[in-house]
Amino acid sequence: MRKPRDFDSELKALADKAKAIKERRVRQFGELVAATGADVLDADLLAGALLDAVASKDAATREGWRKAGTAFFRSKARKPASLSEHNPEGALPLEGGAASG
């Protein structure tokens, strides 16, 4: 006789995997912000710049950004900065941004 599948444990495992993937993605975006030096920007300024980039329909501008990003990732001189180098307290700067807590 076949052993019945434990759907609850399979669903929990999938949910845990999805959560881990989301957490990794958020961490990688944070590392990208720090590596580009954008972690020194005010949170409102960074959010505004990202919103403008998302809303931009100008193909030439977007292609310029794409080329700059490609060059950044291919650069051998690029060295990811640790969070402590830009913000010794280890927290993202929020002055002028969203309230913490």
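Scroll up a little and you will see the structure.
What counts and how
Residues numbered from 1 in each chain as written. Predicted model: local features only at pLDDT ≥ 70, side-chain atom pairs only at ≥ 80, totals over all residues. Heavy atoms only, no water. Helix = DSSP H or I, 4+ residues; strand = E, 2+ residues; numbered from the N terminus. Buried < 20%, exposed > 50% of the residue type's maximum accessible area, 1.4 Å probe, protein only. Contact = heavy atoms within 4.5 Å. Areas by Shrake-Rupley, 256 points an atom, 1.4 Å probe, with all protein chains shown as cover. Expected span 1.5 Å × (residues − 1). Salt bridge = Lys/Arg side-chain N within 4 Å of Asp/Glu carboxyl O. Polar contact = N/O pair within 3.5 Å; in protein donor to acceptor, adjacent residues only side chain to side chain. Phe/Tyr/Trp six-rings, centres within 6.5 Å; stacked < 30°, edge-to-face > 60°. Patch = residues over 30% accessible without salt bridge, like charges linked within 9 Å, V, L, I, M, F, W, Y side chains within 5 Å.

1. Brief notes about the overall build of the protein chain
Phase 1: The helix and strand tally for the protein chain stands at four helices and zero strands.
Phase 2: When the helices and strands of the protein chain are read in sequence order from the N terminus, they spell out α-α-α-α.
Phase 3: Expressed as a percentage of the 101 residues in the protein chain, the buried residues total 9%.
Phase 4: Considering only contacts in the protein chain between residues 6 or more positions apart, those separated by 24 or more positions represent 61%.
Phase 5: Total accessible area on the protein chain is roughly 8,600 Å²; 61% of this is exposed by carbon and sulfur atoms.

2. A word on helix α1 (residues 7–36)
Phase 1: Across its 30 residues, α1 extends 43 Å between first and last C-alpha, which sits within 8% of the 44 Å expected from 1.5 Å per residue.
Phase 2: The positive-phi residue at the C-terminal boundary of α1 is G37, with phi of around 85 degrees.

3. A few points about the pattern of salt bridges
Two side chains bearing opposite charge may form a pair once their charged atoms approach each other closely.
Phase 1: With the rule as written, the count across this model stands at three salt bridges.
Phase 2: K12 serves as the salt-bridge partner of D16, at 3.0 Å between the closest nitrogen and oxygen. Of this pair, D16 and K12 both sit in helix α1, four residues apart, which is roughly one turn of that helix.
Phase 3: Among the residues examined, D16 registers a relative accessible area of 41% and is labelled partly exposed.

4. A closer look at helix α2 (residues 43–55)
Each α-helix turn comprises 3.6 residues. Residues three or four places apart therefore point the same way.
Phase 1: Under the 1.5 Å per step criterion, the end-to-end length of α2 is 18 Å for 13 residues, consistent within 8% with the ideal 18 Å.
Phase 2: The opening residue of α2 is D42, an N-cap whose side-chain oxygen sits 2.9 Å from the backbone nitrogen of D44.

5. A closer look at the packing of aromatic side chains
The geometry of an aromatic ring pair is captured by two quantities: the separation of the ring centres and the angle between the planes.
Phase 1: Going through the model one piece at a time under the given rule, you end up with one aromatic pair.
Phase 2: Taken together, a centroid distance of 5.3 Å and an interplanar angle of 75 degrees make the contact between F72 and F73 edge-to-face.
Phase 3: F73 sits in the partly exposed class, given a relative accessible area of 49%.

6. With respect to a nonpolar patch on the surface
Phase 1: On the surface, F29, L32 and F73 cluster together to form a nonpolar patch covering roughly 290 Å² of accessible area.
Phase 2: With respect to the helices and strands, the residue L32 is situated in helix α1.

7. What about the environment of A38?
Phase 1: Considering the arrangement of structural elements, one finds A38 in the loop between α1 and α2.
Phase 2: Exposure remark for A38: the relative accessible area of 14% places this residue in the buried category.
Phase 3: If we ignore the near neighbours within four places in the chain, the residues touching A38 are V33 and L46.

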